Every structure is written in structure tokens, then in C-alpha cells.
Amino acid sequence: MKEYSGFQIFGHALRANKGWHRAWRDPEPKPEYDVVIIGGGGHGLATAYYLAKIHGIRRVAVLEKGYLGGGNVGRNTTIVRSNYMIDGNTQFYDWSMQLWEGLSQELNYNVMFSQRGQITLANSPDQLDSFARRLNVMRLNGIDCELWSRDQVRKVVPYLDYSEGARFPVHGAMFQGKAGTARHDAVAWGYARAADRLGVDVIQNCEVLGYLYEAGKISGVTTSRGEIRASRVGLSVAGSSGLLAAKAGLALPIESHVLQAFVTEPVKPLVDQVIACASPHFYISQSDKGGLVIGGDLDGYNSYAQRGNFPVVAEVAQLACTLMPCISRLRLLRHWGGVMDMSMDGSPIISTTPIDGLYLNAGWCYGGFKATPAAGWTFAHMIATGRAHELNEKFSLDRFRTGALLNESGAGPSPNAH
């Protein structure tokens, strides 16, 4: 694809932004590929890129039922962190952080990864003690972290409510300096362009309707644009995982919920870091345009809709005003909903399945966006080799049968809360 200099970009502006070259192709689907990835979000595109880049498998198609980036990769609060403590999750998210740090250079595309740090507030002495335990685990794994006192938090973020009658008193915080945010759309665009340049076909408006079989093995998919054959099919569709797995006769231990996010009108620089609470569940950061990006808990019902309901709007707004009274007069500009597939232990699934040739990437709960590079990296390894990498060997689907669960509810509200 063509690169543009600063003068060329200025010239396009003078021509009313006409005459741009496509960042990636818009190909017709071929009759057959080596691998088909269902889902054109961050995970699916990353998987295709690493299949081509690392494993040399370039006859790959990414099938997206709508437009590229129209799912969860474009419907989240952009936070990237690696403050996990359960063995398996700790190493996985640390690897993801390492990939994030070099991602713009790797893709030759600015994903706007900003390591501004995340402050996770402790609202009780007991919670501060639990943070100390989590930080000790992180340090043993070489992950950066600090335990802050109330005074340290107040020095850095003085605009929180520190009064004696505060609804959510601040007793200290857990701080990860390498955490931050990335531009969600840019992540999808960067992976799409990089995969396209390696020969991957990114096919939009191509809904998967079912699967093809030969001798009891997956041999392809049926789509709204015809049959596409492939001996290996990777399922990476976030909230639609249960629906697409059911088409193959596979019942998954997940539930789909809506997670809403909101952005306010722009203001001058105020929130320099990501600020989060585990109880209540709330997080806030500031975008480059000045809007405050905020979010909270799941909508308390199962849904496949990309929209939420008013009670959560009210709850998140109330939490924002309670924790940060200075923003109480800001107006919300817009909000959106992403469909989350919540696993029963709060940890993801990157696994083979009982169906030969079908591979599964699902159950990301609150960790999907931050896991994008590592999820694609390990899923590509599994599809290419037929076996798990040591980074995702604990994420097997079989753990729900054996009871070897990874109960990572401490990274966010419990997935069983609803």
C-alpha cells in the first residue's frame, strides 16, 4: 500500500480529501484458504497477522459479518494493563504488555499507545491489604507496580473526594506505571493493514451461517457470500461466541452481557492517568480530544444488543460525580455498548475444541482489548501448530470439565455477580 508524506497529506486536504488509496484491499472471498478466522475485531485481525508474519501461513481469510472494527474492538474504554495475579493470567498479560510497547513499530502504524499509568483506588484498609498481596505476585513476575498511601494518591490526583464523609473513602492505591490506553480503532486498522500487506484477505460483510464437514472434521464454513473451504477455522467473535459455537453443536460455559461506556464533552487536561475502582466498579481516563471516557459495571441481563439501558447510565454518572465532584456539571456526549462473553471463572479461553479443526478464542470478560496482541499471538501459534503455547495452556476449554479453574475475579467484578 502507498505511504504518504506530510506534504501529500496536506495536498489531499486541499483536494477535499479525495483520491486516497485504500489502507487494505476489499477482496472477493476465494473458494479455499488454509485458515479461516471468523471475526474481524482486534483478536481476529491480530491472529491473522501473526499467522502470516510468524508462521508463514498467508492463505488466510478474516471474515467479518459487518464492517471492520464494528464490534468490541471499537466499543470499549481503551484501557491496557497487566495487573493480574493468578498464575497463567499474570504471565499472559505481561507478554501482552510487552507486545503493546512495540506494537506501533511492529505494525508501522501509530496505535496511540500511551503508558500514562493506572491508579486503582483502595476504598478500605482490607482492600489495600489485598492490593499488597497482588503487587507482591506481580513483582515476583517482574511486573512494575507500586503501593501508594492516601497522601501519595492525593498528591497526584487532588480532585477526588477526600472529605471525612466521602461515600468511597480513599485509603491508598495500587499503581502500575506501564498501564495506559490505546486508540481502539487504530489497533484494528493497524492490524488490518499489516495483515493485508502479508497477503491476508480481510473480507467484510460476510456473515458465517454454518460449518462444512468432511469425515467428521471441519472443512470450511458457509457464509452469506457462499461456501469457503479451510481445514482450520478459528472462532474469535467476542460476544457472539456462544451463537457461533452453537452452530457447530458446541455449548460454551459463557454468558453474553452488555458493557456500556461513555464520553463527556471535552475539557482542558485534567485526568493524567487512568483512575479505577474495584468497589464500586468504575474507571475514567481522558482522551486526546479532551473528553472523559468513563465506564462501570455490566448491564445485569444477558443480551447480544450493542446498546444498554438507562439505569447503568445513571449509576455510572452518579459514581463519577461522587468520586470526582469537580466534573458533576459536564454533559455526556454519547455512549455505546460492547457485547462481552463472560466466562464462569473470569479468565479467557484460547483452546482447541472437541470438533477437529475448530479453534476457540472466547470468554474475555473485562480483559479483551488489553489482551489483543497476546491473544492473537498465542491463538495463531495454536492454529499453526495444533497445540497450546505455554502462555495459554491454562486457558483450555477442558478446565471447566476438570475443575482446574482460574478464578481471576480480583481483576474486576466477579463474572458470576449477575
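Chemist: Sorry, what's going on with the overall build of the protein here?
Modeler: In terms of helices and strands, the protein carries 11 helices and 19 strands. Rg of the C-alpha trace for the protein: 22 Å, near the compact-globule value of 22 Å for 418 residues, within the 12% margin. C-alpha atoms of the protein, sized along the principal axes, occupy 70 × 65 × 40 Å. Counting over 418 residues, the protein shows a buried share of 56%. If you take every contact in the protein between residues at least 6 apart in sequence, the share linking residues at least 24 apart comes to 74%. Surface summary for the protein: the accessible area is close to 18,000 Å², and the carbon and sulfur share equals 51%. Averaging the coordinates of the 40 positive side-chain charges in the protein and doing the same for the 37 negative ones gives two points 6 Å apart.

Chemist: It is not clear to me how the packing of aromatic side chains should be interpreted in this structure. Could you clarify?
Modeler: One pass over the structure, following the stated rule, counts 11 aromatic pairs. Measuring from centroid to centroid gives 5.8 Å for Phe 92 and Trp 364, while their planes differ by 35 degrees, and the two rings are tilted. Of the two residues, Phe 92 is situated in helix H3 (residues 89-101) and Trp 364 in the loop between strand S19 (358-362) and helix H10 (372-385); the sequence distance between them amounts to 272 residues. For the pair shown, Phe 92 and Trp 364 are each scored as buried. Ring geometry for Phe 92 against Phe 395: centres 5.2 Å apart, planes inclined by 70 degrees, an arrangement best described as edge-to-face. You can see Phe 92 sitting in helix H3 and its partner Phe 395 sitting in the loop between H10 and helix H11 (399-402), a full 303 residues away along the chain. By the burial criterion, Phe 92 is buried, and Phe 395 matches it. Taken together, Tyr 84, Phe 92, Tyr 93, Trp 364 and Phe 395 form an aromatic cluster joined through their ring pairs.

Chemist: What is the right way to read the environment of Ile 218 from this model?
Modeler: For Ile 218, the position within the fold is in strand S10 (residues 217-223). Spatially, the C-alpha atom of Ile 218 lies 33 Å from that of Trp 100, the residues being 118 residues apart in sequence.

Procedures and definitions
Residues numbered from 1 in each chain as written. Predicted model: local features only at pLDDT ≥ 70, side-chain atom pairs only at ≥ 80, totals over all residues. Heavy atoms only, no water. Helix = DSSP H or I, 4+ residues; strand = E, 2+ residues; numbered from the N terminus. Rg over C-alpha atoms; globule rule 2.2 N^0.38 Å. Buried < 20%, exposed > 50% of the residue type's maximum accessible area, 1.4 Å probe, protein only. Contact = heavy atoms within 4.5 Å. Areas by Shrake-Rupley, 256 points an atom, 1.4 Å probe, with all protein chains shown as cover. Lys, Arg positive; Asp, Glu negative; His and termini not counted. Charge placed at Lys NZ, Arg CZ, Asp CG, Glu CD. Phe/Tyr/Trp six-rings, centres within 6.5 Å; stacked < 30°, edge-to-face > 60°.

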